[in-house]
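# Breakdown of the fold
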Amino acid sequence: QVQLVESGGGLVTTGGSLRLSCVASRSMSTMKTMGWYRQAAGKERELVASITRDGWTNYADPVKGRFTISKDYAANTVYLQMNSLKPEDSAVYYCRGVVDYRAYWGQGTQVTVSS
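We now turn to the structure provided with this report. Source: prediction; values computed, not measured.

Looking now at the environment of tryptophan 36. Its location among the elements puts tryptophan 36 in strand β4 (residues 33-39). What makes tryptophan 36 buried here is its relative accessible area of 0%. Sequence spacing of tryptophan 36 and serine 50 is 14 residues, and the spatial spacing of their C-alpha atoms is 6.2 Å.

On to the pattern of salt bridges. Enumeration according to the criterion identifies 4 salt bridges in this entry. Taking the shortest distance from any N to any O, the salt bridge between arginine 38 and glutamate 46 comes out at 2.8 Å. You can call glutamate 46 partly exposed: its relative accessible area is 38%. The salt bridge partner of aspartate 89 is arginine 66, with a shortest N-O separation of 2.8 Å. Placement of aspartate 89 in the loop between β8 (77-82) and β9 (91-99) and of arginine 66 in the loop between β6 (57-59) and β7 (67-72) is noted, with a sequence separation of 23 residues between them. The same class applies to aspartate 89 as to arginine 66, namely buried.

Conventions adopted
- Residues numbered from 1 in each chain as written.
- Predicted model: local features only at pLDDT ≥ 70, side-chain atom pairs only at ≥ 80, totals over all residues.
- Heavy atoms only, no water.
- Helix = DSSP H or I, 4+ residues; strand = E, 2+ residues; numbered from the N terminus.
- Buried < 20%, exposed > 50% of the residue type's maximum accessible area, 1.4 Å probe, protein only.
- Salt bridge = Lys/Arg side-chain N within 4 Å of Asp/Glu carboxyl O.

From the geometry alone we can't say anything about function, so treat these as descriptive.
Next up, the structure:
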């Protein structure tokens, strides 16, 4: 069993920045892949960014060049640095971790970008 707890969401104006954090209840070295997903109102949940145990990263096209995913092994934490935020980035952001081919989700954190 893995618990993931997100934080760092909030209200920001267009062009602003936020950093999301996801703290895992177990060592990051056991997590095959960590990722951030988002779900806007009335839309399906979508991948934002992911990072593998080896450090390979992947980004959705709409966030490339603006968002950065990283991880801190000592803190068992994955971060999502979000810069140049746009209103279309508004959504609930979820952390996802894969351990032993099983996916775990956090409870989500709301990000709202005002125009």
